[in-house]
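Structural overview
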Number of protein chains: 2
Amino acid sequence: MTDAILLTPGPLTTSAETKAAMLSDWGSWDAAFNALTASVCSDLVDIVDGRDEHVCVPLQGSGTFAVEAALGTLVPKTGKVLVPDNGSYCKRIVRILGYLGRQAVVLAHGEQEPADPQRIEAALAADRSITHVAQVHCETGTGILNPLAEIASVVARHDRGLIIDAMSSYGALPIDARTLRFDALIAASGKCLEGVPGMGFVIARRTTLGGASGNSASLAMDLHDQWQYMQKTGQWRFTPPTHVLAALRAAVDQYRAQGGRPARLARYTANCAALVGGMRTLGLKTFLPDALQAPIIVTFHSPPDPAYDFADFYRRVREKGFILYPGKLTAVDTFRVGCIGAIGADTLRAAVTAIAASLREMGVVRLGST
Amino acid sequence: MTDAILLTPGPLTTSAETKAAMLSDWGSWDAAFNALTASVCSDLVDIVDGRDEHVCVPLQGSGTFAVEAALGTLVPKTGKVLVPDNGSYCKRIVRILGYLGRQAVVLAHGEQEPADPQRIEAALAADRSITHVAQVHCETGTGILNPLAEIASVVARHDRGLIIDAMSSYGALPIDARTLRFDALIAASGKCLEGVPGMGFVIARRTTLGGASGNSASLAMDLHDQWQYMQKTGQWRFTPPTHVLAALRAAVDQYRAQGGRPARLARYTANCAALVGGMRTLGLKTFLPDALQAPIIVTFHSPPDPAYDFADFYRRVREKGFILYPGKLTAVDTFRVGCIGAIGADTLRAAVTAIAASLREMGVVRLGST
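Residues numbered from 1 in each chain as written. Chains lettered and ligands numbered in written order. Predicted model: local features only at pLDDT ≥ 70, side-chain atom pairs only at ≥ 80, totals over all residues. Heavy atoms only, no water.

1. Some thoughts on the overall build of chain A
- Each helix and strand counted, chain A has twelve helices and 14 strands in total.
- Over its C-alpha trace chain A gives a radius of gyration of 21 Å, about what one expects of a compact globule, namely 21 Å for 370 residues.
- Residue burial in chain A is summarised as follows: out of 370 residues, 64% are buried.
- Surface accessibility of chain A: about 12300 Å² in total, with carbon and sulfur atoms responsible for 53%.
- Here chain A contributes 35 positive and 34 negative side-chain charges, whose respective centroids are spaced 2 Å apart. (Helix = DSSP H or I, 4+ residues; strand = E, 2+ residues; numbered from the N terminus. Rg over C-alpha atoms; globule rule 2.2 N^0.38 Å. Buried < 20%, exposed > 50% of the residue type's maximum accessible area, 1.4 Å probe, protein only. Areas by Shrake-Rupley, 256 points an atom, 1.4 Å probe, with all protein chains shown as cover. Lys, Arg positive; Asp, Glu negative; His and termini not counted. Charge placed at Lys NZ, Arg CZ, Asp CG, Glu CD.)

2. A look at the environment of A220 of chain B
- Relative to the assigned elements, A220 of chain B resides in the loop between α7 (206–210) and α8 (223–233).
- Assessed through its relative accessible area of 0%, A220 of chain B is described here as buried.
- Residues A220 of chain B and T179 of chain B, 41 residues apart in the sequence, show an inter-C-alpha distance of 32 Å.
- Setting aside residues no more than four positions away along its own chain, A220 of chain B makes contact with F65, E68 and M221 of chain A together with L59, R237 and F238 of chain B. (Contact = heavy atoms within 4.5 Å.)

3. Describing the sheet that holds strand β8 (residues 161–165) of chain A
Residues and elements named next belong to chain A.
- With respect to topology, seven strands assemble into an open sheet ordered β2-β10-β9-β8-β5-β3-β4, the strand pairing being mixed. The open sheet has two free edges, formed respectively by β2 (54–60) and β4 (103–108), since each of these has just one partner strand. This sheet shows a mean twist of 20 degrees between the axes of neighbouring strands, independent of strand direction.
- As judged from the seven bridges shared by β2 and strand β10 (residues 199–205), these two strands associate in the antiparallel manner. Each bridged residue has a counterpart across the sheet, and for V55 the counterpart in β10 is A204.
- Contacts between helix α8 (residues 223–233) and the sheet are confined to β2 and β10, with β2 contributing the most and set at about 105 degrees to the helix. (Pairing = 2+ DSSP bridges. Axes fitted to C-alpha atoms, helices over the stretch in contact; angles between N-to-C directions.)

4. A closer look at the relation of the copies chain B and chain A
- With an RMSD of 0.0 Å, the operation that places chain B on chain A is a rotation of 180 degrees combined with a shift of 0.0 Å along the axis. Look at the turn and shift together and you get a two-fold axis relating the two. Closest approach to the rotation axis among the C-alpha atoms of chain B is made by G61 of chain B, whose C-alpha sits 2.1 Å away.
- Interface residue correspondence from chain B to chain A reaches 100%, placing this contact among same-surface, isologous pairings. (Least-squares fit on C-alpha atoms with pLDDT ≥ 70 in both.)

5. Regarding the state of the cysteines
- On inspection of all chains with the given rule, the structure shows zero disulfides over all chains.
- Free of any disulfide, C90 of chain A has its nearest neighbouring cysteine sulfur in C138 of chain A, separated by 10 Å.
- Given the relative accessible area of 0%, C90 of chain A is considered buried.
- Summary of cysteine pairing: C192 of chain B is not part of a disulfide, and the nearest cysteine sulfur, belonging to C138 of chain B, is at 7.8 Å.
- Classification of C192 of chain B as buried rests on a relative accessible area of 0%. (Disulfide = S-S within 2.5 Å.)

6. Quick look at the nonpolar core
- Within the largest apolar cluster, 94 residues are counted, with the highest numbers of intra-cluster contacts made by Y170 and I203 of chain A together with Y170 and I203 of chain B.
- With residues up to four places along the chain from it excluded, the contact list for Y170 of chain A reads D43, L44, V45, I47, V48, I175, L185, A187, C192, L193, F201 and I203 of chain A.
- L100 of chain A together with A70, A212 and L223 of chain B belong to the second largest nonpolar core, which has 73 residues in total. (Core = buried A, V, L, I, M, F, W, Y, C linked by side-chain atoms within 4.5 Å.)

7. Concerning the confidence of the model for chain A
- Predicted confidence across chain A gives a mean pLDDT of 97, with 99% of residues reaching 70 or more.
- As scored by the predictor, the complex reaches a pTM of 0.98 and an ipTM of 0.98. (pLDDT = per-residue confidence, 0-100.)

8. What to know about the environment of L209 of chain B
- Structurally, the position occupied by L209 of chain B is in helix α7.
- In this structure, L209 of chain B is in contact with V55, V57, T73, L74, A204, L223, H224 and W227 of chain B, ignoring residues within four places of it in sequence.

9. Concerning the side chain of D30 of chain A
- By the element assignment, D30 of chain A lies in the loop between α1 (16–20) and α2 (31–47).
- In contact with D30 of chain A, not counting residues within four places along its chain, are Y314, R318 and I323 of chain B.

10. Brief notes about the interface of chain B and chain A
- Facing 56 residues of chain B, the contacting portion of chain A comprises 56 residues.
- Counting each side, the surface lost to burial between chain B and chain A is near 4600 Å², with a carbon and sulfur contribution of 63%.
- The interface formed by chain B and chain A contains six salt bridges.
- Run the count over chain B and chain A and you get 22 residue pairs in polar contact (both at pLDDT 80 or more).
- Those elements giving two or more residues to the side of chain B that touches chain A turn out to be α1 (16–20), β2 (54–60), α3 (63–74), α4 (88–100), α9 (242–257), α11 (310–319) and β13 (325–326) of chain B. (Buried area = accessible area lost by both parts, 1.4 Å probe. Salt bridge = Lys/Arg side-chain N within 4 Å of Asp/Glu carboxyl O. Polar contact = N/O pair within 3.5 Å; in protein donor to acceptor, adjacent residues only side chain to side chain.)

Below, the structure is given as structure tokens:
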């Protein structure tokens with residue numbers, strides 16, 4: 001494979017087997033495809049130890065489509081959603097709620113500050129009209145890990161609904177539906193499961209979803225309708241991304257064969273350690289302290305050197321076979337490097353070498369932040 | 001290739017080259033991928049002879065997502081949409097409008113009756129509060145072809161907006177944006193372009209789309225926002241289905257190399273003739289008269305024989321390598337056979353042979369409708 005390695009939060013570098021699974025065409029009405037859908041959905045519930053009280057509803061489109069679908073279907077029109085905000089994907093949830101006409105209460109945090117369960121608790125106690133909390137697990141904007149289990153117990157204690165954007169954590173970081181109560185947990189094909197992009201999915205509490213008829217102001221994103229139809233027919237309501245689903249089936253097979261979630265986390269943790277260790281040796285600085293860093297995507301301060309320019313840096317690193325990701329912070333100049341995909345620590349070490357060479361070529365001398 | 005041939009309205013049987021284009025991973029932020037998006041969008045506008053006054057906005061998800069996005073973005077909240085209804089995809093538009101809270105006026109037609117420009121004209125003259133007409137070009141529910149050019153001139157004469165669901169006609173049947181005025185024309189990757197499913201697209205009038213800010217009650221399906229962001233960055237707002245787009249690029253390359261729209265229509269016309277001719281030789285009857293039949297998908301009456309059962313028939317034909325499609329009519333028992341995909345008339349003839357053998361095995365003797 002001669003493709004550049006994607007060091008991004010998705011699309012990722014996927015395995016040759018996963019891509020090869022797209023070399024067949026599937027009929028969307030055919031029993032073989034229905035079985036494919038059912039088997040993937042069943043495995044997706046298992047990955048978070050969901051049981052009979054959870055269902056998986058797949059949805060065409062990107063992960064954001066599934067986030068919007070979960071919010072629009074599960075939050076009633078009169079609902080009010082608390083959004084602990086420490087990054088761009090939290091802000092995107094607030095933007096979605098604005099579109100959907102659902103009230104949002106933003107609980108602002110710094111971008112280096114994990115969502116605070118005590119502040120969430122206080123906010124819920126102070127405003128009993130808040131019906132839901134929408135919590136990003138790993139905020140891809142910075143790479144920060146939020147304390148999901150603690151937040152979930154606060155939300156459960158206050159008997160509100162919890163909607164989790166687990167886009168870049170699902171499949172790698174521990175989430176146990178037996179002990180962590182949520183209404184919906186959202187992720188997508190092209191993240192830690194290492195499938196290709198093109199579909200999202202929502203692991204929903206069966207009773208909550210069952211009562212969510214009539215909430216959605218969109219047919220395409222009505223998860224209740226999608227679920228009801230699937231239960232009745234085994235089929236997706238509208239043309240499914242057949243090849244994307246076949247690739248996800250192959251990716252999940254590899255995931256299981258490789259040891260499932262613990263093995264995935266171990267590999268990403270090793271990737272992240274190789275990356276961060278190597279970059280620090282060069283003198284580059286991470287935006288987050290290690291204790292808050294999820295091993296998914298790492299934000300680095302841009303070198304404070306006048307010779308540094310992200311576009312030039314990106315191009316040089318790309319020529320050496322690695323695709324980086326821009327920063328998503330407004331106040332601080334940063335870039336991001338992903339640790340996920342069908343890659344190992346050797347790849348990350350090679351990426352650090354390419355980064356070092358690129359900075360050297362550019363004449364960037366000052367690497368650490370001031 | 002040993003996959004069963006898909007004789008369905010999509011997903012289709014795609015070429016080996018189209019599927020092989022999915023064997024690379026693409027970075028969604030990378031210039032190479034932006035160029036891929038731009039080149040596909042430019043070609044999609046060209047296919048309907050759109051010019052500077054038209055833009056192509058791609059959207060993640062199935063074709064229905066793009067239909068909903070076009071309606072939700074281009075019809076203002078106070079809009080009122082006339083829907084000439086002669087089939088299930090017309091009814092789906094009405095259902096979408098209900099979700100979106102846009103007024104719909106249904107102009108009911110029989111399922112064997114093409115949408116009537118005179119009745120549309122009368123409806124527009126009678127109700128000046130109708131702002132748009134939503135017209136399905138080829139109604140996949142039956143396979144009927146609606147007289148799009150005549151309808152478009154009626155709508156233009158009355159100065160209303162026209163939104164065309166060209167899902168199963170775009171790329172095969174003639175649509176000339178230089179003479180046929182529309183606000184939006186919607187299709188998808190996995191139809192007559194013979195890509196894989198996973199994205200839709202809207203060819204929109206630039207000025208209309210430019211004025212459509214603030215209409216959409218969905219972030220994910222806000223075409224105006226998607227377009228603005230793409231113009232600014234060259235990127236999709238949310239993770240694009242990278243492999244699906246790469247496959248579409250390959251499919252459009254083949255489309256052009258094979259002679260473009262006229263060649264595609266000629267192949268499908270030959271496919272349809274081989275299918276219908278063969279089936280009639282067996283004694284099977286088409287639901288539509290030939291004059292109304294688009295060469296995309298053909299509805300056949302189920303054999304009026306007690307030994308006939310669709311599930312059994314489907315299974316037997318599938319064992320012989322062909323996947324059929326169920327009927328979508330409530331009043332009449334039918335099944336459908338698609339003519340589109342990377343297949344030629346020989347394939348359709350082989351399918352007829354498989355159908356004949358299957359009916360024989362089942363002991364189905366009476367084949368024509370009563």
